[in-house]
Amino acid sequence: MSVAQAPAGLVIAVDGPAASGKGTLARRLSAHYRLPYLDTGLLYRMVARAMLDAGHDIRDADAAGRLVLTFDDGAFAEDSLRGREIGEAASVVAAMPAVRSGLIARQRRFAAQPGGAVLDGRDIGTVICPQAPAKLFVTATPEVRAARRHKELAGRGEPATFEGILADIRRRDARDSGRSDAPLRAAEDAVLLDTSALTIDEALAAAIAIVESRKAR
Ligand code: DC
C-alpha cells in the first residue's frame, strides 16, 4: 500500500482489548502515514516489570505510585515486557489511579508532536487524546483473540494452552473494562472495527478508510 502524507497534527487513537489486533494495525497505520507510534501498553508493562524486579507485591499501589514517577522507560528490553505473566501484572497496575495519572503527561507529550502520532491502548480516545480526529476501537471475539495470542506465544516459545489463554483474555477484559479509572470502552466518536473475520491487510484497508473519512471532516 502506498505511503500517505499526514496532515499537520494528525493524531490517530487506536483502542481495544488485548490481542484484538490493535497493535499490529497501529504500527501499520504509523508506517502508512509516516507518523511516530507509541504502544502505551508497554508503559504499563514497564511499571509492572519494575515492580516485580524491585520485589514489590504487584498489588502494592503505594509502591507502584512512587515507581511510576521515577522509572526509566529506556531501561527495559522489549522482550522482557511481552510475556503472558507481565501482561497480567500490567493489567493489575493499570487499574491503579496513581499509575494512570503518572503516565498521562508522557503520553500526551508524545501525541503533541508537530506532525501528529499514532497511539494505541485502552483509553487513548477517551482520556489521553479526547480531541483526536481519528479514533478506532478495534475488537475481535475472545476466541479469535485467544487463537492469535496462542500462535504468537508459540512463536516466542512460550508454552500455553488455548483454554488457558482464553481464560486470561476473559479475565483481563473484565479487569480492564470493570475498573473505575479510565475503563476500556469505545469513545462516543470512535469507529468500531471488528477484525474477527479480516486478514491484517483487510483490517488495515478498513482502518485507512476510517482515518481518511475522519481527515476529510
Ligand atoms: O495492550 P497491552 O496488552 O500491552 O496492555 C497491557 C495492560 O495495560 C492491559 O491489560 C491494560 C493496560 N493498559 C491500559 O490500561 N491502558 C492503556 N492505554 C494501555 C494498556
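Use the structure listed above.
An account of the accompanying structure is given in this report. Small disclaimer: the values here were computed from a predicted structure and weren't measured.

Counting secondary structure elements, the protein chain contains nine helices and five strands. For the protein chain, the N- to C-terminal ordering of α and β elements is β-α-β-α-α-α-α-β-α-β-α-α-β-α. By the compact-globule yardstick of 17 Å for 217 residues, the protein chain fits well, its C-alpha radius of gyration being 17 Å. Viewed in the frame of its principal axes, the protein chain has a C-alpha envelope of about 50 × 35 × 30 Å. Partitioning the contacts of the protein chain with sequence separation of at least 6, the portion at a separation of at least 24 is 80%. When the accessible surface of the protein chain is summed, it comes to about 10,100 Å², and 55% of that surface belongs to carbon and sulfur atoms. Measuring between centres, the 30 positive side-chain charges of the protein chain sit 3 Å from its 28 negative side-chain charges.

Take the site of the ligand next. Surrounding the ligand, one finds 15 residues, the nearest of these being Arg 45, Arg 100, Arg 122, Arg 172 and Arg 179. Within the side chain of Arg 45, a nitrogen or oxygen atom sits 2.7 Å from an oxygen atom of the ligand. Taking Arg 172, its side chain carries an N or O atom lying 2.5 Å from an oxygen atom of the ligand. Calculation on the ligand without its partners gives an accessible area of 440 Å², and the protein chains cover 97% of this total. Of all the secondary structure elements, the ones that give two or more residues to the shell around the ligand are α2 (40-53), α4 (84-93) and α8 (162-178). Among the elements that make up the shell around the ligand, the one with the highest residue count is α2 (four residues).

This part covers helix α9 (residues 200-215). For α9, with 16 residues, the first-to-last C-alpha span of 22 Å sits near the 22 Å given by 1.5 Å per residue. On its buried face, α9 is in contact with β1 (10-15), α1 (22-33), β4 (134-139) and β5 (191-194).

Here helix α5 (residues 97-111) spans 21 Å end to end across 15 residues, near enough to the 21 Å set by a 1.5 Å rise per residue. The axis of α5 is deflected most strongly, by about 30°, at Ile 104. Taken together, the buried positions of α5 are occupied by Val 99, Arg 100, Leu 103, Gln 107 and Ala 111.

The rules we used
In this convention, every chain numbers its residues from 1, walking through the sequence in written order. In keeping with the model being predicted, local features are shown solely for residues with a pLDDT of at least 70 and side-chain atom pairs are shown and tallied solely at 80 or more, while totals for entire chains, interfaces and linings include all residues. Excluded from the side-chain calculations are hydrogens and water; all other atoms, namely the structure's heavy atoms, are used. Strands here are runs of E lasting at least two residues and helices are runs of H or I lasting at least four, both read from the DSSP assignment and numbered beginning at the N terminus. Only C-alpha atoms enter the radius of gyration, while the globule expectation follows 2.2 Å times N to the 0.38, with N the number of residues. In what follows, a contact means two residues having at least one pair of non-hydrogen atoms within 4.5 Å. Method for areas: the Shrake-Rupley scheme with a 1.4 Å probe, in which residue coverage is limited to the protein chains shown. Here the positive residues are Lys and Arg and the negative ones are Asp and Glu; neither His nor the chain ends is included. To locate a charge, the coordinates of NZ of Lys, CZ of Arg, CG of Asp or CD of Glu are taken. Any residue with a non-hydrogen atom lying within 4 Å of a molecule or strand is treated as near it. What qualifies as a polar contact is a pair of N or O atoms within 3.5 Å, subject to a donor-acceptor requirement within protein and to the restriction that residues adjacent in sequence count only when both atoms come from side chains. Helix span, expected: 1.5 Å multiplied by one less than the number of residues in the helix. Note on bend: at a given residue it equals the angle between the axes fitted to the 7 residues ending there and to the 7 starting there. For every residue, the accessible area obtained with a 1.4 Å probe (protein chains only) is divided by the maximum for its type, and the residue is called buried under 20%, exposed over 50%, and partly exposed between those limits.

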